[in-house]
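Here is what each chain is made of, one letter per residue.
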Amino acid sequence: MTSVRDREEDGLPELPVRPTDEDPLAATASELIGGPAGKHAGTGGHRWWNALRVMVLIVIGMFALGMVQKVPCYDGGWFQGGDPQYIHACYSDIPHLYHDRGFAADVVPYFDSIPGSISGSGFHHLEYPVLTGLFMEVASWLTPHGGSMEHRSQIYWIVNSGMLLLCAIALVVVVSRTNRRRPWDGLFIALSPALALSATINWDLFAVALASVGLLLWARSRPLAAGVLIGLATAAKLYPVLLLLAIGLLCLRAGRMRAFGTALAGAVGAWLVVNLPVMLLARSGWAEFYDYSRSRGVDYGSVWLIIMQRTGNPLSGVSAYVAALLILLCAGIAALTFYAPRRPRLGQIAFLVVAALIVSNKVYSPQYVLWLLPLAVLARPRWRDLLIWQGAEVLYYVAIWMQLAYVTGGTKHHGLSADGYHLAIALHLLGVLYLSGVVVRDILLPQHDVLRQDGEDDPSGGVLDGAEDAFVLGFVPEEGRHPYPQEPAASGVGSGSGTGSYDA
């Protein structure tokens, strides 16, 4: 068998990895359409129906199905009050915030106070990061002002959905191109049920797309541009800053701190370009997001909610507990990075640090699954493991709305009680921990890593790909120090298998 490294040394073109070549579940599922592709099958790269166009059409179709799922709310559930929008599991923040955050009244985010008081929240300004606020504002400019408030809110949701669809398409394209040899990895994104269900709940998909472009640019060894995109993503949602932590840990082990410094400078510069004008001219409005994030109490979806409701302890100091747990988990990830027998891949460490935030956070909104989606594909592109995790997330998606239906339904009490909801939270957390455990296993036992079974090192690692270790803690066996170890014997999947193998 010829490895990737052997083909590079011989000047041969890289062969794209087909899912049915290496993934047992994909090979089995392909029997519905005739079975795995044979070794003489053409790649079709010169034809119109290439992998990327197929995946773009699929994600458009899945996104449309997600919008259809929101039809009961679009037809009135969002505007009736009470629990109809929860019973149909079609809630979205977008139409509600069009009026409640002043976009319908042409309020300028951060600079103008929101007219009236927002029930139960005490906000006076928009509580979203600046770049997300700009996204919301642009959508309001594209929303006609004629007709009733209900009609305008519906159009606002449609406009935002169109803009978020572009983000979903970009996400599929970016993930499919991050690893040049794995163009079909974007199919994990395109077919994701979690993406279809949660894409139009809020604006998280915008930040996810920006962060993913940043990782693509890093994979192309462009650290400055990567940093700029990660900085812009952080200006839209706070979690992408953790990607810099992942890059920094790996660059320290590989002795590539100059590249990390370049990326960090680009991220800080881009974040300041977006935030500094608002920070200087409307400081109180700009600070609303950070003040709210710091003072927010225990909320839906978190392990802290289970603890609080089971023990009766209000957990008034939960922000300190969250910070301590996150620091502890990140310290463990750092130790794993430096003690692993072989330097982990960027996708693996990036997934783990964001998963640490998900597990430790004091709130888990159903759209937060989008934060992990592209990172999960980069970390562990295996259908079995991703579907197990996605199944837990879809279960949680249904459970959160059924719980809200239960607490807002008055004396009807239809929906999911607290006990059932706690079980759904636990299953969601177990799904994240399961996928994290498989990724940690791949790091400690690199022979199980899907991407390293054909001799590659870190194809999305950019300057890290093939780099020798410069800083390691503990003993690393000689074979772990070499960036291209001998590949394991292949075990074919179907008639087209020539490079893949089953993993444990």
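Check the entry above for the structure.
For every chain, the first residue of the written sequence is number 1, and numbering continues from 1 onward in sequence order. A pLDDT threshold of at least 70 governs which residues receive local features in this predicted model, and a stricter bar of 80 or more applies before side-chain atom pairs are shown or counted, although totals over entire chains, interfaces and linings include all residues. With hydrogens and water excluded, all non-hydrogen atoms of the structure serve as input to the side-chain values.

Asker: What is the right way to read the state of the cysteines from this model?
Answerer: One covalent bond between the sulfur atoms of two cysteine residues makes up a disulfide. Any pair of cysteine sulfurs within 2.5 Å is marked as a disulfide. This structure, assessed with the given rule, holds one disulfide. Across a sulfur-sulfur distance of 1.9 Å, Cys73 and Cys90 are joined as a disulfide pair. Across the S-S bond linking Cys73 and Cys90, the dihedral sits near 75 degrees, which makes this disulfide right-handed. Highlighted residues: Cys73 in helix 5 (residues 71-74) and Cys90 in the loop between helix 6 (84-87) and helix 7 (93-100), separated in sequence by 17 residues. For each residue, the accessible area found with a 1.4 Å probe, counting protein chains only, is set against the maximum for its type, and the residue is called buried under 20%, exposed over 50%, and partly exposed in between. For Cys73, a relative accessible area of 0% translates into the label buried. Secondary structure elements follow DSSP: runs of H or I of four or more residues count as helices, runs of E of two or more count as strands, with numbering from the N terminus.

Asker: For this particular structure, what's the right way to read the packing of aromatic side chains?
Answerer: In this description, an aromatic ring pair is defined by two values, namely the gap between the centres and the angle between the planes. Two rings from Phe, Tyr or Trp (for Trp, the six-membered ring) form a pair when their centres are within 6.5 Å of each other. A pair whose planes differ by under 30 degrees is stacked, one over 60 is edge-to-face, and the rest are tilted. Applying the stated criterion to the full structure yields 24 aromatic pairs. Summarising the aromatic geometry, the rings of Phe135 and Phe206 are spaced 4.8 Å apart at their centres and angled 40 degrees between planes, so their arrangement reads as tilted. Residue Phe135 is found in helix 8 (residues 130-141), and its partner Phe206 is found in helix 12 (residues 204-219); the two are separated by 71 residues along the sequence. A relative accessible area of 8% means that Phe135 is categorised as buried. Assessed through its relative accessible area of 14%, Phe206 is described here as buried. What links up through ring pairs into an aromatic cluster is the set Tyr239, Tyr300, Tyr364, Tyr368, Trp371, Tyr396 and Tyr421.

Asker: Explanation requested: the environment of Ile169 in the structure shown.
Answerer: Position of Ile169 relative to the elements: it lies in helix 9 (residues 149-178). Ile169 sits 113 residues away from Val56 along the chain, and the two C-alpha atoms are 6.0 Å apart. Here, two residues are considered to be in contact whenever any of their heavy atoms come within 4.5 Å of each other. Residues contacting Ile169, with those up to four places away along its chain left out, are Val56, Val59 and Ile60.

Asker: Just checking my understanding: could you explain the side chain of Glu137 for this structure?
Answerer: Assignment of secondary structure puts Glu137 in helix 8. Note on charges: Lys and Arg go in the positive column, Asp and Glu in the negative column, and His and the chain ends are not counted at all. We count a salt bridge whenever a side-chain nitrogen from Lys or Arg sits within 4 Å of a carboxyl oxygen from Asp or Glu. We note that Glu137 is buried and unpaired, the nearest opposite charge coming from Arg152 at a distance of 11 Å. In this structure, Glu137 is in contact with Phe103, Val107 and Pro109, ignoring residues within four places of it in sequence.

Asker: Any chance you could explain a nonpolar patch on the surface here in plain terms?
Answerer: Only residues above 30% relative accessible area that lack a salt bridge enter a patch, with like-charged residues linked at up to 9 Å and the nonpolar side chains Val, Leu, Ile, Met, Phe, Trp and Tyr linked at up to 5 Å. The Shrake-Rupley method, run with a 1.4 Å probe sphere, supplies the accessible areas, and residue values consider only the shown protein chains as cover. On the surface, Val108, Phe111, Leu264, Val268, Leu272, Leu276, Leu280 and Leu281 cluster together into a nonpolar patch covering about 700 Å² of accessible area. Tracing the backbone shows Leu264 in helix 15 (residues 257-281). Taking the relative accessible area as the measure of exposure, Leu264 reaches 34% and is therefore partly exposed.

Asker: Help me out: how do you make sense of helix 15 in this one?
Answerer: Count 3.6 residues to each turn of an α-helix, and residues three or four apart come out pointing the same way. Over its 25 residues, helix 15 runs 35 Å from end to end, which matches the ideal 36 Å to within 8%, given 1.5 Å per residue. If you look at helix 15, its biggest bend is around 40 degrees, right at Asn275, and the proline Pro277 turns up within four residues after that. Within helix 15, the full set of buried residues consists of Ala259, Phe260, Ala263, Gly266, Ala267, Ala270, Trp271, Val274, Asn275, Val278 and Met279. Residue count minus one, scaled by 1.5 Å, sets the expected span of a helix. Two axes define the bend at a residue: one fitted to the seven residues ending there, one fitted to the seven starting there, and the bend is the angle between them.

Asker: Is there a simple way to think about the packing of helix 14 (residues 241-254) against helix 18 (residues 318-339) in this case?
Answerer: Each packed pair of helices is defined by two parameters, the angle between the axes and the distance between the axes. To obtain each axis, a line is fitted to C-alpha atoms, and for helices this fit is confined to the stretch in contact; angles are then taken between N-to-C directions over 0 to 180 degrees. It is at 9 Å that the axes of helix 14 and helix 18 come closest, and there the two elements cross at 30 degrees. In terms of orientation, helix 14 and helix 18 fall into the roughly parallel class. You can see that helix 14 and helix 18 cross each other, and the crossing is right-handed. Together, Leu245, Leu249, Leu250, Leu252 and Arg253 of helix 14 and Cys330, Ala334, Thr337, Phe338 and Tyr339 of helix 18 make up the contact between the two elements. Among the residues making up the contact of helix 14 with helix 18, the classes are represented as eight nonpolar, one polar and one charged. Oblique is the label for any angle not under 35 degrees, not over 145, and not in the 65 to 115 range, which are roughly parallel, roughly antiparallel and roughly perpendicular in turn. Note on convention: near helix rotated counterclockwise from far helix by under a right angle means a left-handed crossing. Clockwise means right-handed. Only Asp, Glu, Lys and Arg are considered charged in this grouping, and only Ala, Val, Leu, Ile, Met, Phe, Trp, Tyr, Cys and Pro are considered nonpolar; every other residue, Gly among them, is considered polar.

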